[in-house]
Structures are given as structure tokens and as C-alpha cells.
Amino acid sequence: VAWKVSSTGRYVPHFGGAGHAYQWPSTLSNIPQGSTPKAGAAAIMYGGPYGHVMYVEAVNGDGTITVSDYNLGVDGLYRYYTRSASGLTYIYF
């Protein structure tokens, strides 16, 4: 996700890959965050031992978001899919 944000010309502070996905909000506490999805944001999911970070590709009118991510199933796969927007923390780069 850091690469995806950076590839769109926005700044992502370097944090050396330290920590897990669920730690992004605290590690990047100086970056605006909230519970409202916006295209281009990082979406943080807190489940599991590490959490998960997704890139918000689009916000849909039905309350879902379209995201892209990598390694969700710890399987090394890239995914692009639609899911619920609720229960996530969004970081607005």
C-alpha cells in the first residue's frame, strides 16, 4: 500500500517496515485519519495477529469500497475486490 500511495505522487513517510499493519495508525499518527472512506486512502483492518492494510481504489454508493491489496491470505497474491467500508480506520495521505 505504501508503494501504491507513493506511485500516485503522494508522500509516505518511511517507517522502515517496522511494526504490523494494525500499527499503521499509531506509527503514522501525524497523517490525517478517520472512519470515512476516501479513494486513495489506506484502509486498516485490525483482525488477526498482524492486521491488514488495503488501498482504497473507489468508494461505492452502496456503502462498500473497492480495494486492492497484497498477501491477505498470507499467500503472496495481489487482489482487487469490493468489501464493506465499516469497521476500518482510514489514513488520508
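Residues numbered from 1 in each chain as written. Predicted model: local features only at pLDDT ≥ 70, side-chain atom pairs only at ≥ 80, totals over all residues. Heavy atoms only, no water.

J.: Would you mind going over the nonpolar core in detail, with residue names and values included?
T.: Within the largest apolar cluster, 13 residues are counted, with the highest numbers of intra-cluster contacts made by Trp24, Leu28, Ala42, Val53, Ile91 and Phe93. Contributions of two or more residues to this core are made by β2 (42-45) and β3 (52-59). The next biggest cluster of nonpolar side chains, apart from the first, holds 10 residues, and it includes Ala41, Ala43, Met54 and Tyr90. (Core = buried A, V, L, I, M, F, W, Y, C linked by side-chain atoms within 4.5 Å. Buried < 20%, exposed > 50% of the residue type's maximum accessible area, 1.4 Å probe, protein only. Helix = DSSP H or I, 4+ residues; strand = E, 2+ residues; numbered from the N terminus.)

J.: Requested: an account of the pattern of salt bridges, with residues and values cited.
T.: The final tally for this structure, using the stated rule, is 2 salt bridges. A salt bridge links Arg79 to Asp75; the shortest N-O distance between them is 2.5 Å. Arg79 gets classed as partly exposed once you look at its relative accessible area, which sits at 24%. For Asp75, a relative accessible area of 36% gives the class partly exposed. (Salt bridge = Lys/Arg side-chain N within 4 Å of Asp/Glu carboxyl O.)

J.: Tell me about the environment of Ile44, residues and numbers included.
T.: Within the fold, Ile44 resides in strand β2. Sequence separation of Ile44 and Tyr90 is 46 residues, and the distance between their C-alpha atoms is 6.2 Å. Not counting residues within four places of it along the chain, the set of residues in contact with Ile44 comprises Ala21, Tyr22, Trp24, Pro25, His52, Val53, Leu88, Thr89 and Ile91. (Contact = heavy atoms within 4.5 Å.)

J.: Can you lay out the layout of surface pockets for me, pointing to particular residues and giving the numbers?
T.: A volume near 480 Å³ is recorded for the largest pocket. For the lining of the largest pocket, the elements supplying multiple residues, two or more each, are α1 (2-7), β3 and β4 (64-70). (1 Å grid on protein atoms, 1.4 Å probe; cavity = no way out; pocket = protein on both sides within 12 Å on 5 of 7 lines; lining within 4 Å. Points joined across faces, edges and corners; volume = space filled by probe spheres on them.)

J.: A description of the sheet that holds strand β6 (residues 89-91) should follow, citing residues and the corresponding values.
T.: Read across the sheet, 6 strands follow the order β1-β6-β2-β3-β4-β5 without closing on themselves; strand pairing throughout is antiparallel. Each edge of the open sheet is held by one strand with a lone partner, namely β1 (33-34) and β5 (78-84). Strand direction decides the pairing type here: β1 and β6, joined by 2 bridges, are antiparallel. When the sheet's bridge partners are listed, Gln33 is paired in β6 with Ile91. (Pairing = 2+ DSSP bridges.)

J.: Any chance you could break down the environment of Val1 for me, citing the residues and the numbers?
T.: Structurally, Val1 can be placed in the segment before α1. Spatially, the C-alpha atom of Val1 lies 6.8 Å from that of Val53, the residues being 52 residues apart in sequence. Residues within four places of Val1 in sequence aside, it is in contact with Trp24, Ala42, Val53, Met54 and Tyr55.

J.: Describe in detail the pairing of β4, supporting the description with residues and values.
T.: The element β4 is largely enclosed, with a buried count of 6 among its 7 residues. As paired strands, β3 and β4 are joined by 4 bridges and run antiparallel to one another. Looking at the pairing, Tyr55 lines up with Ser68 of β4. The hairpin turn running from β3 into β4, its antiparallel successor, is 4 residues long, and Gly63 in that turn takes a positive phi close to 90°. Pairing of β4 with β5 involves 7 bridges; the strand directions are antiparallel. Bridge assignment links Thr64 to a residue of β5, and that residue is Ser84.

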